[in-house]
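These are the residues of each chain, in order.
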Amino acid sequence: MASVSVDEAMRRAIELAARGLGTTSPNPVVGCVLLDADGEVVGEGFHAYAGGPHAEIVALAQAGQRAKGGTAVVTLEPCDHTGRTGPCSTALVQAGVARVVIAVPDPNPVATGGAATLRAAGVRVDLGVRASEAESGNVAWLTAMRRGWPYVIWKYAATLDGRSAAADGTSMWITSEAARMDVHALRATVDAVVVGVGTVLADDPRLTVRNLRDGSLAIQQPLRVVVDSAGRTPLDAQVRDGAARTWIATAAEVGAGPDGGVDLFALLAALHGRGVRAVLLEGGPRLAGAFLAAGLVDRVVGYLAPRLLGAGPAALVDAGVTTITDAIDLEITDVTQVGPDLRITALPRKREG
């Protein structure tokens, strides 16, 4: 087998890390590639699920004795603490690895310190290789750990003229089956799906993740969260069906904001305390507006159907914008056709001052 460069190995480690999206929380996604002393790949691994072996441990097990004198290329700084598994920094030292190349330092105060431990043991440590790519692949966890509340993705579906339903309230289906299946793939990458009680009363959604091949329920299901300030969620609502865990978040339990509704900052803090690192905000338009007005949305994913209604509810209501200078500017990062629809991904731009 031919030798590979550290840069190539990191690119592969980032690809491996992505395989853990949706199953590792509250832990990060991590990928690792082990090169022997001649630069040949002798081990690969990724963190597959919380409580399972870390990426470095999987790669070391594959490499065996060939890890000695070699290089570990890892997307996140090896952990330096004992939790459900032992410290990866110690495992790398014991395996005789001579060099560790890290894309991103670990911001978790509990787990950080691996680089220092490795250096103290005489291991060469290099930081920052393909850092931006590794950050992007682990953005939800890294953001949540750095600031103390989950990364929030607002997903919406609308016609080309921005309507989420017709004038008579009918909304099934705005977008195509292909787009709806794409949403299930998106749900599978997050820890919680959040809607307002108005959406539950109007549409009675299940908010589950279904298998893209046969429509069955996926094994791993995000927490279903209904923001319901007064506890109006019906007892027979589908979100209470037992297919996934559900939290009816009331103002009495979470705390009330200035408007008497559920305090959104307190809600996100409570979700973070429950191990939620990534949230998919799905509805409705007023709740989305409240999140946007508060600056709590990190990414927008819009599914636009090639349809026009000319009337009916808007996809977004009251986001705190009263004049054009207050508009929430977005940076479009991706435009993809999904069936007949367009999926547009964008990031809210930070306002100056």
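It should be emphasised that the depicted structure is a prediction, and the values quoted were computed from it without experimental measurement. (Residues numbered from 1 in each chain as written. Predicted model: local features only at pLDDT ≥ 70, side-chain atom pairs only at ≥ 80, totals over all residues. Heavy atoms only, no water.)

1. A look at the domain arrangement of the chain
Buried accessible area, meaning the area lost when the parts come together, often serves as the stated size of an interface. Put simply, the rule reads: For the domain bounds, the source is a domain assignment made automatically or taken from a database. The term buried area denotes the loss of accessible surface (1.4 Å probe radius) that occurs when two parts are joined, taken as the sum for both partners. For this document, the term salt bridge refers to a Lys or Arg side-chain nitrogen within 4 Å of an Asp or Glu carboxyl oxygen. Polar contact is defined as a pair of N or O atoms within 3.5 Å, subject to the rule that within protein one atom must be able to donate a hydrogen and the other to accept it, and that residues adjacent in sequence are counted only when both atoms are side-chain atoms. Three categories are distinguished: nonpolar for Ala, Val, Leu, Ile, Met, Phe, Trp, Tyr, Cys and Pro, charged for Asp, Glu, Lys and Arg, and polar for the others, with Gly belonging to the last.
Each assigned domain of the chain is listed here: domain 1 (6–139) and domain 2 (148–348). Centre-to-centre separation of domain 1 and domain 2, based on C-alpha positions: 34 Å. Of the roughly 560 Å² buried between domain 1 and domain 2, counting both surfaces, carbon and sulfur atoms make up 53%. Inspection of the domain 1/domain 2 interface yields zero salt bridges. Linking domain 1 with domain 2 are two residue pairs in polar contact (both at pLDDT 80 or more). A per-class count over the side of domain 1 that touches domain 2 returns three nonpolar, three polar and no charged.

2. So, the UniProt feature "binding site: Zn(2+)" (unreviewed entry) in the chain
The line we're drawing: UniProt positions are given in the numbering used here, feature names are shortened, and annotations may be inferred rather than shown by experiment. Numbering of helices and strands runs from the N terminus; a helix is a DSSP stretch of H or I covering at least four residues, while a strand is a stretch of E covering at least two. Under the scheme applied here, a residue whose accessible area is under 20% of the maximum for its type counts as buried, over 50% as exposed, and between as partly exposed, the area being computed with a 1.4 Å probe on protein chains only.
Sequence positions flagged by UniProt for "binding site: Zn(2+)" (unreviewed entry) are, in local numbering, His54, Cys79 and Cys88. The named residues occupy 35 residues along the chain; their greatest pairwise C-alpha distance, 9.1 Å, places them in one compact cluster. Among the structural elements, Cys79 can be located in the loop between strand 3 (71–76) and helix 3 (88–94). The exposure class of Cys79 is buried, given its relative accessible area of 6%.

3. What about the packing of aromatic side chains?
The cut-off we apply is this: Pairing of aromatic side chains requires ring centres within 6.5 Å, counting the rings of Phe and Tyr and the six-membered ring of Trp. Pairs whose planes differ by under 30 degrees are stacked, by over 60 edge-to-face, and all others tilted. Comment: the charge-over-ring label is applied if NZ (Lys) or CZ (Arg) is within 6 Å of the ring centre and within 35 degrees of the ring normal.
Applying the stated rule across the entire model yields one aromatic pair. Note on Trp154 and Tyr156: the rings are 4.6 Å apart at their centroids and 25° apart in plane angle, and the pair reads as stacked. Accessibility expressed as a relative area gives 21% for Tyr156, which makes it partly exposed. A cation sits over an aromatic face here: Arg180 above Trp173, 4.1 Å from the ring centre. Lying over the aromatic face of Trp247, Arg274 brings its terminal NZ or CZ to 3.9 Å of the ring centre.

4. A look at the UniProt feature "active site" (unreviewed entry) in the chain
Just so we agree on the cut-off: Contacts were defined at the residue level, with two residues in contact if any of their heavy atoms lie within 4.5 Å.
UniProt feature "active site" (unreviewed entry): in the numbering of this structure it lies at Glu56. Mapped onto the secondary structure, Glu56 falls in helix 2 (residues 55–63). Residues contacting Glu56, with those up to four places away along its chain left out, are Cys32, Val74, Leu76, Pro78, Cys88 and Leu92.

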